[in-house]
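Topology and contacts: notes
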2 protein chains.
Amino acid sequence: MYLCGIIKEMFSQSEENYLKAIYHLEIVSSKGVTTNAIAKKLETKASSVTDMVQKLSEKELIIYKKYQGVTLTVFGKKTAANIVRKHRLWEVFLVEKLNFSWDEVHDVAEQLEHIKSQKLIQELDSFLGFPTHDPHGDPIPDDKGNLKTIEKSLLSTLAKNESGICVGVIDSSSEFLQFLDKKGITLGKQITVLEKEDFDDSVSILINDKKLSISQKIATNLFVKKR
Amino acid sequence: MYLCGIIKEMFSQSEENYLKAIYHLEIVSSKGVTTNAIAKKLETKASSVTDMVQKLSEKELIIYKKYQGVTLTVFGKKTAANIVRKHRLWEVFLVEKLNFSWDEVHDVAEQLEHIKSQKLIQELDSFLGFPTHDPHGDPIPDDKGNLKTIEKSLLSTLAKNESGICVGVIDSSSEFLQFLDKKGITLGKQITVLEKEDFDDSVSILINDKKLSISQKIATNLFVKKR
DNA sequence: AATAATTTTTAGTCTTGACTAAATATTGTT
DNA sequence: AACAATATTTAGTCAAGACTAAAAATTATT
C-alpha cells in the first residue's frame with residue numbers, strides 16, 4: 001500500500017526535509033554543508049545525518065565525500081527549490097485566503113510542502129496570482145527553481161533620516177513575528193530612521209505616523225528595501 | 001525529528017487510512033468488518049491488517065475480537081469521519097478553486113486529508129462556503145462527524161417518465177467519471193427516463209435536451225434525487 | 001459429525017529512518 | 001610534532017509497517 005503512481009521522481013518526506021535543510025544551509029555557508037550543521041537544523045543526530053546523506057548521494061541529489069560535508073547537485077538543488085516553492089506558495093495561500101497570520105503558517109506549510117501533484121502546485125500558483133514572495137518576504141522560486149532576490153538591507157544599516165519599505169525578516173519565529181505585529185510592523189510598511197543610539201545600537205523610527213524605539217536585536221532581524 | 005506539537009490526538013497516515021477504510025466498509029456491511037475486506041480495500045495483505053487492527057484496538061479506536069472482525073468505537077468513528085470530512089472538503093477546493101475535474105481529485109485529496117491543523121480545516125470549510133457535498137455528490141461530515149444524507153435513488157430504479165436530478169455516483173473511478181463527462185452527465189443535471197428496455201436493462205433518457213441510451217451498468221452506478 | 005476450504009492469526013523477516021556507543025578523522029593548541 | 005578536542009562515521013538496535021509462510025480457527029460441504 002503506497003501512493004506514488006505515474007510520477008517521475010519521488011522522494012520520501014524525510015529525504016525532502018534533508019534536501020531542504022541542505023538547500024537553506026548552502027545559501028548561508030557557501031561552502032560544503034557539514035553533517036553537524038544538518039543535524040542541528042533538523043534536530044536530529046549526526047549519525048542519522050550520515051546515513052541519510054549516503055542515501056541522497058546514491059540518488060545523485062548531493063555530492064558527498066566522507067568527512068568533507070555535502071553540496072547539492074544541480075538536480076538536488078532543483079528538487080530542493082521545488083520543495084521551498086511549494087512551502088512558500090502554501091504560506092501565501094494560508095495568509096491570503098485562509099486568514100492565517102504570518103506567525104501561524106510555518107507548521108502547516110511544513111506538511112503541505114510534501115504533497116505530490118504537479119497540477120496542484122501549478123494551479124495554486126495561478127490561483128494566487130503568481131506571487132513572488134511569501135508572507136515573510138522570502139522569494140518564491142519559479143518552476144525551474146530560480147529565484148530573483150531583491151536588494152534588501154537590514155534596518156540596522158540605514159543611516160539617520162534614511163527610510164525604506166519593510167520587505168522581510170531573518171528570524172521568522174512566531175515570537176518575533178507576533179512582536180512585530182504588536183508594534184504595527186508588517187510587510188510593506190514604510191520605516192524612517194529618526195535617530196540611532198550609539199551606546200546600545202537601538203534605533204528610533206517613524207512608522208504608521210508614530211515614533212517607535214527599536215532594539216538592536218530587532219533592527220538586525222528586519223529587512224527593508226532602501227529608497 | 002517529527003512534527004506533532006501540541007495537538008490532542010495524533011495518528012499516523014497509515015492508521016488514518018485503516019480507520020477510513022473501516023469507516024467506509026461499515027457503511028456497507030452494517031456488521032463487523034472482516035480482516036480480508038480491509039486487506040482488499042487497502043490493497044494490502046491480511047496479515048498486515050491483523051497487526052494494525054491490534055494496534056488500533058489498543059488505542060480504543062475499534063473493537064476487535066480475534067477472528068470476529070472489527071467495529072469502530074464512537075471515538076474511532078468520529079476520528080474517521082473527520083478524515084473523510086477533510087478529504088471531501090479538499091476535493092471541493094480542488095474542483096471549485098483549482099480547476100480540477102471530478103475525476104482528478106481523488107489522489108491529491110488522499111494526501112491532503114492527512115494534514116494536521118484544526119484551523120486549516122475550519123478556515124477551508126468557511127472559505128468554501130460550508131459545502132455539504134463533495135464533487136461526486138457524497139456528503140461532507142460536519143465537524144462533529146455527523147452527515148445528513150439526502151434520499152437518493154439509483155437511476156435504474158426510476159420508472160418510465162419519472163425524472164430526477166443527478167446527485168451522485170457509486171463508482172467514482174476516473175474511467176467512469178470521464179465517461180459521464182463525455183456523455184454530458186454531471187451533478188445537478190436533470191434526467192428523465194423515456195424508455196426502459198427489458199432484455200438488457202438499458203434505459204433511454206433525456207438529458208441536456210438530448211436523447212441518450214444508458215447501459216444497465218451506468219444506470220446502477222448513478223444516483224438521482226427523485227422529483 | 002467429519003473433512004475440506006477459507007479466513008485469520010502468528011512467527012519471523014525486511015526496509016526506512018531514527019537512535020546510542022564506540023571507533024576513526026580532522027582540527028586546534030601547545 | 002604530539003596531544004587534546006571536536007566532528008564524523010561505523011556498528012549494532014529499535015519501532016513502524018509492510019511482507020511470506022506456516023499454524024490455527026472458522027465456515028462450508030458432504
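Residues numbered from 1 in each chain as written. Chains lettered and ligands numbered in written order. Predicted model: local features only at pLDDT ≥ 70, side-chain atom pairs only at ≥ 80, totals over all residues. Heavy atoms only, no water.

**Quick look at the overall build of chain A**
In plain terms, the rule: Runs of E in the DSSP output that reach at least two residues are strands. Runs of H or I that reach at least four are helices, and both are numbered from the N terminus. Burial classes follow relative accessibility: with a 1.4 Å probe on protein chains only, a residue under 20% of its type's maximum area counts as buried, one over 50% as exposed, and anything between as partly exposed. Residue contacts are counted whenever heavy atoms from the two residues lie within 4.5 Å of one another.
A tally of helices and strands in chain A yields 8 helices and 8 strands. Each principal axis of the C-alpha distribution contributes one length, and for chain A these read about 60 × 45 × 25 Å. When burial is assessed residue by residue, chain A has 46% of its 227 residues classed as buried. Taking as baseline every contact in chain A between residues at least 6 positions apart, the subset at least 24 positions apart corresponds to 62%.

**Observations regarding the protein's contact with DNA strand C**
For the record, the criterion: One heavy atom within 4 Å of a molecule or strand makes the whole residue count as near it. Here a polar contact is recorded for every N or O atom pair within 3.5 Å, except that within protein the pair must consist of a potential hydrogen donor and a potential acceptor, and residues adjacent in sequence are included only if both atoms are side-chain atoms. Three classes are used: nonpolar for Ala, Val, Leu, Ile, Met, Phe, Trp, Tyr, Cys and Pro, charged for Asp, Glu, Lys and Arg, and polar for all others, with Gly counted as polar.
Taken together, 20 residues lie around DNA strand C, and S12(A), T44(A), K55(A), Y64(B) and K66(B) are the ones closest in. Of what DNA strand C places within 4 Å of the protein, 78% of the atoms are sugar or phosphate. Interatomic distance of 2.9 Å between a side-chain N/O atom of T35(B) and a phosphate oxygen of DNA strand C. Counting residues per element, the ones that place at least two in the surface near DNA strand C are α1 (13–29) and α3 (46–58) of chain A together with α2 (35–42) and α3 (46–58) of chain B. Grouping the constituent residues of the surface near DNA strand C by class yields 5 nonpolar, 11 polar and 4 charged.

**Side note on the layout of surface pockets**
All names here are of chain A. Rules: A 1.4 Å probe that fits into a set of points on a 1 Å grid over the protein atoms alone but cannot get out defines a cavity; an open set with protein on both sides within 12 Å along at least five of seven lines defines a pocket, and lining residues are those with an atom within 4 Å of a point. Grid points are joined across faces, edges and corners, and a volume is the space filled by probe spheres set on the points.
The space that makes up the second largest pocket amounts to roughly 200 Å³. As for the second largest pocket, its lining consists of Y23, E26, I27, L72, T73, V74, K77, K78, A81, K144, G145 and N146. Looking at the lining of the second largest pocket, the elements with two or more residues in it are α1 and α4 (74–98). In terms of residues, the lining of the second largest pocket owes the most to one element, α4, which gives 4 residues. Looking at the lining of the second largest pocket residue by residue, the class counts come to 5 nonpolar, 3 polar and 4 charged.

**A few points about the sheet that holds strand β8 (residues 222–226) of chain A**
All names here are of chain A. As a reminder, the rule being used: Two strands form a pair only when DSSP identifies at least two bridges running between them.
With antiparallel pairing, the 6 strands of this open sheet are ordered in space as β3-β8-β4-β5-β6-β7. Whereas interior strands pair on both sides, the edge strands pair on one side only; in this sheet they are β3 (153–154) and β7 (210–214). Note: β3 against β8, 2 bridges, orientation antiparallel. Residue pairing in the sheet places L154 in a bridge with F223 of β8.

**Quick look at the pairing of β8(A)**
Pairing geometry for strand β4 (residues 163–169) of chain A and β8(A), over 5 bridges, is antiparallel. What sits directly across from C166(A), in β8(A), is V224(A).

**Side note on the protein's contact with DNA strand D**
Around DNA strand D sit 20 residues in total, of which Y64(A), K66(A), S12(B), T44(B) and K55(B) are the nearest. In DNA strand D, the atoms that sit within 4 Å of the protein are 78% sugar and phosphate, with bases accounting for the remainder. Here a phosphate oxygen of DNA strand D sits 2.9 Å away from a polar atom, N or O, in the side chain of T35(A). Here T50(A) contributes a side-chain N or O atom positioned 3.0 Å from a phosphate oxygen of DNA strand D. Elements with a minimum of two residues in the surface near DNA strand D: α2 (35–42) and α3 of chain A together with α1 (13–29) and α3 of chain B. Residue composition of the surface near DNA strand D, grouped by class: 5 nonpolar, 11 polar and 4 charged.

**Focus: the side chain of S153(A)**
Relative to the helices and strands, S153(A) resides in strand β3. Residues contacting S153(A), with those up to four places away along its chain left out, are L222(A), F223(A), V224(A) and K226(A).

**Things to note about unusual backbone geometry**
A positive phi angle is found at N99(A), which is not glycine, with a value near 60°. Of note, N99(A) is situated in the loop between α4 and α5 (105–112). A positive phi angle, close to 60°, is found at D209(B), a residue other than glycine. Examined against the element boundaries, D209(B) turns out to sit in the loop between β6 (203–207) and β7 (210–214).

**Comments concerning the packing of α1(B) against helix α4 (residues 74–97) of chain B**
Residues and elements named next belong to chain B. To keep it simple, the criterion reads: Only the stretch in contact is used when fitting a helix axis, every axis being a line fitted to C-alpha atoms; angles between N-to-C directions are given from 0 to 180 degrees. Roughly parallel means an angle under 35 degrees; roughly antiparallel means over 145; roughly perpendicular covers 65 to 115; every other angle is labelled oblique.
Viewed as axis vectors pointing N to C, α1 and α4 meet at an angle of 95°, and their least axial separation amounts to 9 Å. Taken together, the axes of α1 and α4 are roughly perpendicular relative to one another. Residues E16, L19, K20, Y23, H24 and E26 of α1 form the contact with α4, whose own contacting residues are K77, T79, A80, A81, I83, V84, H87 and R88. Taken together, the residues that form the contact of α1 with α4 break down as 6 nonpolar, 3 polar and 5 charged.

**Observations regarding the domain arrangement of chain A**
Note: interface size is frequently given as the accessible area lost on complex formation between the parts. Just so we agree on the cut-off: The domain boundaries here were taken from an automatic or database domain assignment.
Assigned domains within chain A: domain 1 (13–72) and domain 2 (153–226). Computed from C-alpha atoms alone, the centre-to-centre distance between domain 1 of chain A and domain 2 of chain A is 34 Å.

**Considerations on the environment of I115(B)**
Mapped onto the fold, I115(B) is located in the loop between α5 (105–112) and α6 (118–127). The exposure class of I115(B) is buried, given its relative accessible area of 5%. Beyond its immediate sequence surroundings of up to four residues, I115(B) is in contact with V108(A), Q111(A), L112(A), I115(A), K86(B) and L120(B).

**Looking at empty space enclosed by the protein**
With the rule as written, the count across this model stands at 1 cavity of 30 Å³ or more. Of the pockets and cavities examined, the largest cavity occupies roughly 30 Å³.

**Overview of a negative patch on the surface**
All names here are of chain A. Basically, it comes down to this: Patch definition: residues above 30% relative accessible area lacking any salt bridge, with like charges linked at up to 9 Å and the nonpolar side chains Val, Leu, Ile, Met, Phe, Trp and Tyr linked at up to 5 Å. A 1.4 Å probe and the Shrake-Rupley method give the accessible areas. Residues count as covered only by the protein chains that appear here. The term salt bridge refers to a pairing of a side-chain nitrogen on Lys or Arg with a carboxyl oxygen on Asp or Glu at a separation within 4 Å. For the purpose of counting charges, residues Lys and Arg are taken to be positive, whereas Asp and Glu are taken to be negative. His and the chain ends are not included. By convention, the point assigned to a charge is CZ for Arg, NZ for Lys, CD for Glu and CG for Asp.
Together, E197, D198, D200 and D201 make up a negatively charged patch on the protein surface. Relative to the elements of secondary structure, D200 occurs in the loop between β5 (190–196) and β6 (203–207). Among the residues examined, D200 registers a relative accessible area of 35% and is labelled partly exposed.

**Section: the nonpolar core**
We apply this condition: Nonpolar core, defined: a set of buried Ala, Val, Leu, Ile, Met, Phe, Trp, Tyr and Cys residues in which side-chain atoms within 4.5 Å join the residues together.
Ranked by size, the top nonpolar core spans 34 residues in total, and within it W90(A), L94(A), W90(B) and L94(B) carry the most contacts. Per-element accounting of this core gives the leading share, 6 residues, to α4(A).

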